[in-house]
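# Results of the structural survey
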Amino acid sequence: PSKLSFPFNPRPKLPGIHIAYEGGLTHIMDSLFNYRYYFDYFKALAASGAYVHVFPSVVTTQECRKAYTTIAAKGIRIYATQSYDNLLRTLSASQWGFSGFFRAPGEHNTKSIYLDNAMPNKLFEYLFAGVTPIVLNCKEAGRFVTKHNIGYHVKDINEFIDIAHNAPPLAQNLNPLL
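What comes next concerns the included structure. (Residues numbered from 1 in each chain as written. Predicted model: local features only at pLDDT ≥ 70, side-chain atom pairs only at ≥ 80, totals over all residues. Heavy atoms only, no water.)

Within the secondary structure, H53 is located in strand 2 (residues 51-56). Polar contacts involving the side chain of H53 include one to the side chain of H18, which spans 2.7 Å. At a separation of 2.7 Å, a polar atom in the side chain of H53 contacts the side chain of Y79. Once you skip the residues sitting within four places of it in the chain, H53 turns out to touch L14, H18, I19, A20, Y21, R77, Y79 and S94. (Helix = DSSP H or I, 4+ residues; strand = E, 2+ residues; numbered from the N terminus. Polar contact = N/O pair within 3.5 Å; in protein donor to acceptor, adjacent residues only side chain to side chain. Contact = heavy atoms within 4.5 Å.)

Below you can see the structure in the form of structure tokens.
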């Protein structure tokens, strides 16, 4: 959506370090969709003192939601499905957006090549909502946010944590793109 065609009233940013994730999830590392395995990433982010706001897609199973809910008390909140406009407003309260994929160490196959060249929808929803994306394991999206100075491209979860705690959000650089 563009701000001209979609009335948008962003929420004030929450105090502290807030990271939004919006999209598909799996709780099984060796599943066909293992690139959506964020369990350990979210735990590491929460252990660093950040708050993680997870907005699972509508196709996320109840079993998966329940698995992620087991870690929710430790700084991770799992949200119910929301209307698109409310999702964007809720996302806007976070400083950071998690955009990227899980990649097993040393994994290089057809799926990883595809994921390196993806431009995830969530990336553009974060930008629209005024949330600075941090991109992990997705080279093309990482190049895009770096080239336009609208986000960060990191090599691992430790660098992600460092950026979230120490770098300035780049939301002020987004207006020319919208």
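There is more to say, and it comes next.
The geometry of an aromatic ring pair is captured by two quantities: the separation of the ring centres and the angle between the planes. This model, assessed by the stated rule, comprises 19 aromatic pairs. Put simply, the rings of Y21, Y37, Y38, F39, Y41, F42, Y68, F98, F102 and F160 touch in pairs and so form one group of aromatic residues. (Phe/Tyr/Trp six-rings, centres within 6.5 Å; stacked < 30°, edge-to-face > 60°.)

Further remarks concern the sheet that holds strand 6 (residues 152-154). One open sheet holds the six strands; their spatial order is 3-2-1-4-5-6, and the pairing between them is parallel. Edge positions in the open sheet fall to strand 3 (76-78) and strand 6, since each of these has one partner strand only. In this sheet, adjacent strand axes meet at a mean angle of 25° when their direction is disregarded. Where strand 2 meets strand 3, three bridges bridge the pair, whose relative direction is parallel. From the neighbouring strand, V54 faces strand 3, where its bridge partner is I78. Lying on the sheet, helix 1 (residues 39-47) is in contact with strand 1 (18-23), strand 2, strand 3, strand 4 (96-100) and strand 5 (132-136); it crosses strand 2 at an angle near 150°. In this fold helix 6 (residues 139-147) packs onto strand 5 and strand 6, with an angle of close to 145° to the strand it touches most, strand 6. (Pairing = 2+ DSSP bridges. Axes fitted to C-alpha atoms, helices over the stretch in contact; angles between N-to-C directions.)

A few words now on the packing of helix 5 (residues 121-128) against helix 6. Packing of helix 5 against helix 6 brings their axes to within 11 Å, and their N-to-C directions diverge by 25°. As judged from the angle between their axes, helix 5 and helix 6 are roughly parallel. For the crossing formed where helix 5 meets helix 6, the hand is right-handed. Residues L123, F124 and L127 of helix 5 pack against A141, F144 and V145 of helix 6. A breakdown of the residues in the contact of helix 5 with helix 6 according to their chemical character gives six nonpolar, no polar and no charged. (Parallel < 35°, antiparallel > 145°, perpendicular 65-115°, else oblique. Left-handed = near helix turned anticlockwise from the far one by under 90°. Nonpolar A, V, L, I, M, F, W, Y, C, P; charged D, E, K, R; others polar.)

This part is about helix 6. Since the α-helix packs 3.6 residues into each turn, any two residues three or four apart lie on the same face. Buried within helix 6 are the following residues: A141, G142 and V145. Looking straight down helix 6, one finds its buried side chains confined to an arc of 100°; they lie on one side. For helix 6, the elements touching its buried residues are helix 5, strand 5 and strand 6. Positive phi appears at N149, one or two residues downstream of helix 6, with a value of about 55°. (Buried < 20%, exposed > 50% of the residue type's maximum accessible area, 1.4 Å probe, protein only. Arc of directions from axis to C-beta.)

Glancing now at the side chain of T60. Looking at the element boundaries, T60 is found in the loop between strand 2 and helix 2 (62-69). We classify T60 as buried; its relative accessible area is 7%. Excluding residues that lie within four positions of it along the chain, T60 makes contacts with G23, G24, L25 and R65.

Next up on the list: the pattern of salt bridges. Under the definition given, this model contains four salt bridges. Among the ionic pairs, D85 bridges to R89, the shortest N-O distance being 3.5 Å. Of this pair, D85 and R89 are both found in helix 3 (residues 84-91), four residues apart, which corresponds to roughly one turn of the helix. The salt bridge partner of R143 is E140, with a shortest N-O separation of 2.9 Å. Placement of both R143 and E140 in helix 6 is noted, with a separation of three residues, approximately one turn of the helix. Among the residues examined, R143 registers a relative accessible area of 46% and is labelled partly exposed. When its relative accessible area of 29% is taken as the criterion, E140 is described as partly exposed. (Salt bridge = Lys/Arg side-chain N within 4 Å of Asp/Glu carboxyl O.)

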